[in-house]
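Next come the chains, spelled out residue by residue.
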Amino acid sequence: MGCLSSKDASILKAKKWKSQEPVTLEELQKRREEFWDTAPHYGGDPVIWEALKVAVADLESAKVILEAADVIIAEPDLSVVYDQKGRKYEIPIFCLSEPINLIRE
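A brief report on the enclosed structure follows. As the structure is a computational prediction, the values presented were derived from the model and not from experiment. (Residues numbered from 1 in each chain as written. Predicted model: local features only at pLDDT ≥ 70, side-chain atom pairs only at ≥ 80, totals over all residues. Heavy atoms only, no water.)

**Remarks on helix H1 (residues 25-38)**
Helix length check: H1 (14 residues) gives 20 Å between terminal C-alpha atoms against 20 Å at 1.5 Å per residue, within 8%. Those residues of H1 that fall on the buried side of the exposure criterion are Leu-28, Arg-32, Phe-35 and Trp-36. Down the axis of H1, the buried side of the element spans an arc of 90°, and every buried residue falls inside it. Seen from the buried face of H1, the exposed residues on the opposite side, beyond 90 degrees, are Glu-26, Lys-30 and Asp-37. Looking at the buried side of H1, the elements it contacts are helix H2 (46-57), strand E4 (88-90) and helix H4 (93-96). (Helix = DSSP H or I, 4+ residues; strand = E, 2+ residues; numbered from the N terminus. Expected span 1.5 Å × (residues − 1). Buried < 20%, exposed > 50% of the residue type's maximum accessible area, 1.4 Å probe, protein only. Arc of directions from axis to C-beta. Contact = heavy atoms within 4.5 Å.)

**Observations concerning the pattern of salt bridges**
According to the stated counting rule, one finds three salt bridges in the structure shown. The partner of Arg-87 in a salt bridge is Asp-83, and the shortest N-O contact between them spans 2.6 Å. The exposure class assigned to Arg-87 is partly exposed, which follows from its relative accessible area of 30%. Accessibility expressed as a relative area gives 3% for Asp-83, which makes it buried. In this structure, the salt-bridge partner of Glu-98 is Arg-104, at a minimum N-O distance of 2.9 Å. (Salt bridge = Lys/Arg side-chain N within 4 Å of Asp/Glu carboxyl O.)

**A closer look at the environment of Pro-76**
Assignment of secondary structure puts Pro-76 in the loop between strand E2 (72-73) and strand E3 (80-82). The class for Pro-76 is buried, based on a relative accessible area of 18%. A C-alpha to C-alpha distance of 5.4 Å links Pro-76 and Leu-12, two positions 64 residues apart in sequence.

**What to know about the side chain of Thr-24**
Along the chain, Thr-24 turns up in the loop between strand E1 (4-5) and H1. For Thr-24, a relative accessible area of 11% translates into the label buried. Those residues within four positions of Thr-24 in sequence are excluded, and the remaining contacts are Leu-102, Ile-103 and Glu-105.

**Section: the environment of Trp-17**
Its location among the elements puts Trp-17 in the loop between E1 and H1. Overall, Trp-17 belongs to the buried group, its relative accessible area being 13%. Separated by 51 residues in the primary sequence, Trp-17 and Ala-68 have C-alpha atoms spaced 30 Å apart. Once residues lying within four places of it in the same chain are set aside, the contact partners of Trp-17 are Leu-28, Ile-93, Phe-94, Ser-97, Glu-98, Pro-99 and Ile-100.

**Re the packing of H2 against helix H3 (residues 59-68)**
Axis separation between H2 and H3 bottoms out at 6 Å; the angle between their running directions is 150°. One way to sum up the angle between H2 and H3 is to call them roughly antiparallel. Between H2 and H3, the residues in contact are Ala-51, Leu-52, Val-54, Ala-55, Val-56 and Ala-57 and Leu-59, Ala-62, Ile-65 and Leu-66, respectively. When grouped by side-chain class, the residues that make up the contact of H2 with H3 number ten nonpolar, no polar and no charged. (Axes fitted to C-alpha atoms, helices over the stretch in contact; angles between N-to-C directions. Parallel < 35°, antiparallel > 145°, perpendicular 65-115°, else oblique. Nonpolar A, V, L, I, M, F, W, Y, C, P; charged D, E, K, R; others polar.)

Below, the structure written as structure tokens:
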């Protein structure tokens, strides 16, 4: 799939997935927090990482958020995007949706 500017892209909810082991919502949230806390340390612009975090949490506003940050969408579920300098940002599936084997407490 080709890359699209955020103006031209449609943002879709991530596909369903299955965790290797069932997880609780609390465990999933902890894993997400760990990812977002550490992601900027592995490269890219911290401002872009923050925009991605907000966009993933609010898909209805995601297009506007990413457009303001000049993000180029490579995958419509936001799993792969680029900034204007060509730096790649990959967001793991566990940040994009809940697993089908989520333990509801």
